[in-house]
Amino acid sequence: MKTVLPTSTAGSLPKPSWLAEPETLWSPWKLEDERLIEGKQDALRLSLDDQRQAGIDIVSDGEQTRQHFVTTFIEHLNGVDFEKRETVRIRDRYNASVPTVVGAVDRPKPVFVEDAKFLRRQTDKPIKWALPGPMTMIDTLYDDHYKSREKLAWEFAKILNEEAKELEAAGVDIIQFDEPAFNVFFDEVNDWGVATLERAAEGLKCETAVHICYGYGIKANTDWKKTLGSEWRQYEEAFPKLKTSAIDIISLECQNSRVPMDLIELIRGKKVMVGAIDVATDAIETPEEVAATLRKALQFVDADKLYPSTNCGMAPLSRRVARGKLNALSAGAAIIRKELSA
Ligand SMILES: [Zn+2]
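Since the structure is predicted, the reported quantities are computational estimates derived from the model, not experimental observations.

Read across the open sheet, the six strands follow the order β3-β5-β6-β7-β8-β9; overall the sheet is parallel. Edge strands, defined here as strands with exactly one partner in the open sheet, are β3 (128-132) and β9 (306-309). Each adjacent strand pair in this sheet contributes to an overall mean axis angle of 25 degrees, direction not counted.

In structure tokens:
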């Protein structure tokens with residue numbers, strides 16, 4: 001990447017109100033069949049245009065074709081029964097009724113590859129594609145077949161690797177695995193979480209990223225954050241393993257978070273996507289607020305490895321707020337670029 005401080009988003013962007021109910025997670029589609037396919041593609045183009053207008057350097061599909069960052073991928077797999085539901089505790093934080101693993105899991109056909117090809121045709125900019133990580137996937141299911149979180153994670157890693165290789169062949173430049181579960185299950189992260197993530201990324205020649213955050217700005221997450229005390233040191237648990245892992249980029253939540261910035265020193269040498277936009281508030285950051293976060297991060301990340309980004313996805317925000325935040329991200333990065341070149 002030639003651009004200094006290339007900007008990107010962590011993931012989702014809001015959908016247009018004619019496609020799905022705005023400011024809602026798991027919002028049902030408002031269109032059907034052919035119209036839905038066309039509607040999703042139109043939404044993807046609009047989302048890309050918002051990123052282009054804001055001057056975002058590494059663009060994405062804004063996750064316009066999926067209802068949810070984990071569930072939509074799993075829906076396309078064999079072995080999971082979405083009718084058979086059990087209540088489980090998601091990331092040890094809130095109860096949800098989830099589908100059941102009833103047999104061996106596999107991927108009968110590619111899930112996002114056609115969408116990625118469509119995005120590739122729309123732009124010459126580098127593109128990033130997000131997939132759920134193995135540990136976060138198992139954490140949204142009730143397993144009645146493998147009866148082992150680790151075993152199921154390895155199965156998902158194999159499936160993710162198949163999908164990732166086809167996304168790479170479709171022209172994706174960065175494949176990102178979303179692993180918010182890494183901030184919760186520390187023993188598992190170190191026992192097999194990072195290993196299954198590396199399995200998902202095995203053999204890829206494009207860049208790979210892992211996104212670890214404190215979740216969307218929904219109530220269950222903001223309530224949980226209130227219980228975490230004055231310093232959030234969760235990243236400390238996974239960082240040593242991640243530093244020696246094969247993953248190229250680590251995407252983190254830094255804006256308005258209580259994560260001590262010096263924890264990033266533990267992954268010195270990795271590229272870091274620094275979340276400089278808070279997705280849990282409608283208040284739009286000023287460029288100077290974004291710049292201040294990036295400046296702090298620069299104490300622990302070399303400038304050529306710093307990628308300004310958002311804390312998490314912006315799907316639950318209004319389109320107006322999300323656009324404002326994209327602009328703030330660009331303007332904040334521009335301030336620091338100027339300082340670096342001075
Ligand atoms: Zn996130």
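Attention now goes to the packing of helix α1 (residues 33-54) against helix α3 (residues 113-122). For the pair α1 and α3, the least separation of the axes is 11 Å and the interaxial angle reads 45 degrees. Comparing the axis directions of α1 and α3 gives the class oblique. Remark: the crossing between α1 and α3 carries right-handed chirality. The segment α1 lies against α3, with Q41, L44, R45 and L48 engaging F118, L119 and Q122. When the residues that make up the contact of α1 with α3 are grouped by side-chain class, the tally is four nonpolar, two polar and one charged.

On to the nonpolar core. Membership of the largest hydrophobic core comes to 95 residues, with the highest contact counts inside it found for W129, F156, V172, I250, V272, V274 and L294. Here this core takes eight residues from helix α5 (residues 149-169), the largest share from any one element. Beyond its immediate sequence surroundings of up to four residues, V272 is in contact with I250, L252, I264, I267, A297, V301, K305, L306 and Y307.

The next thing to look at is the sheet that holds strand β1 (residues 78-90). On the basis of which strands lie adjacent, the open sheet formed by three strands has the order β1-β2-β4 and mixed pairing. Among the strands making up the open sheet, the edge pair consists of β1 and β4 (142-143). Sheet analysis places β1 next to strand β2 (residues 94-106), joined by nine bridges and oriented antiparallel. Within the sheet, the bridge partner assigned to V80 lies in β2 and is V101.

Each value, and the rule that gives it
Residues numbered from 1 in each chain as written. Predicted model: local features only at pLDDT ≥ 70, side-chain atom pairs only at ≥ 80, totals over all residues. Pairing = 2+ DSSP bridges. Helix = DSSP H or I, 4+ residues; strand = E, 2+ residues; numbered from the N terminus. Axes fitted to C-alpha atoms, helices over the stretch in contact; angles between N-to-C directions. Parallel < 35°, antiparallel > 145°, perpendicular 65-115°, else oblique. Left-handed = near helix turned anticlockwise from the far one by under 90°. Contact = placed C-beta atoms within 7 Å. Nonpolar A, V, L, I, M, F, W, Y, C, P; charged D, E, K, R; others polar. Core = buried A, V, L, I, M, F, W, Y, C linked by C-beta atoms within 7 Å. Buried ≥ 20, exposed ≤ 12 C-beta atoms within 10 Å, placed from the backbone.

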